[in-house]
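Here is how the chains run, residue by residue.
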Amino acid sequence: MIKITLMRSYEGLNERMRDTLRALGLRKRHMTVIKKKNLAIDGMIRKVSHLVKVELIEAA
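From a predicted model like this one, the values you see are computed outputs, not experimental measurements.

Novice: Let's hear about the sheet that holds strand E2 (residues 32-35): which residues, and what values?
Specialist: The strand order across the open sheet built from 3 strands is E2-E1-E3, with neighbouring strands paired in antiparallel fashion. Unpaired on one side and paired on the other, E2 and strand E3 (52-56) mark the two borders of the sheet. This sheet shows a mean twist of 20 degrees between the axes of neighbouring strands, independent of strand direction. As paired elements, strand E1 (residues 2-6) and E3 share 5 bridges and run antiparallel to each other. Counted as the bridge partner of Lys3 is Glu55 from E3.

Written as structure tokens, this is what we have:
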């Protein structure tokens, strides 16, 4: 599992990056979501890596 936190705001981003953040479920600054690790999520994180903080968590 991956914990993803939006660290920067949407201000000044192009529409593709905004769409990627929305697809990850991140709407507001400092919002955190937990997703299962897969190739699609990894690709989205790579696209917006400068805007988010990513932590690996172990599933209980």
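Picking up where we left off.
Novice: Before we move on, can you summarise the packing of helix H1 (residues 15-24) against helix H2 (residues 39-47) with the specific residues and values?
Specialist: H2 packs onto H1 with a crossing angle of 135 degrees between their chain directions and a minimal axis gap of 10 Å. Relative to H2, the element H1 lies oblique. When the axes of H1 and H2 are compared, the crossing they make is left-handed. Counted together, Met17, Thr20, Ala23 and Leu24 of H1 and Ile41, Met44 and Lys47 of H2 form the full contact between these two elements. Each residue belonging to the contact of H1 with H2 can be placed in one class, and the counts come to 5 nonpolar, 1 polar and 1 charged.

Cut-off values and rules
Residues numbered from 1 in each chain as written. Predicted model: local features only at pLDDT ≥ 70, side-chain atom pairs only at ≥ 80, totals over all residues. Heavy atoms only, no water. Pairing = 2+ DSSP bridges. Helix = DSSP H or I, 4+ residues; strand = E, 2+ residues; numbered from the N terminus. Axes fitted to C-alpha atoms, helices over the stretch in contact; angles between N-to-C directions. Parallel < 35°, antiparallel > 145°, perpendicular 65-115°, else oblique. Left-handed = near helix turned anticlockwise from the far one by under 90°. Contact = heavy atoms within 4.5 Å. Nonpolar A, V, L, I, M, F, W, Y, C, P; charged D, E, K, R; others polar.

Read these as geometric descriptors, not functional statements.
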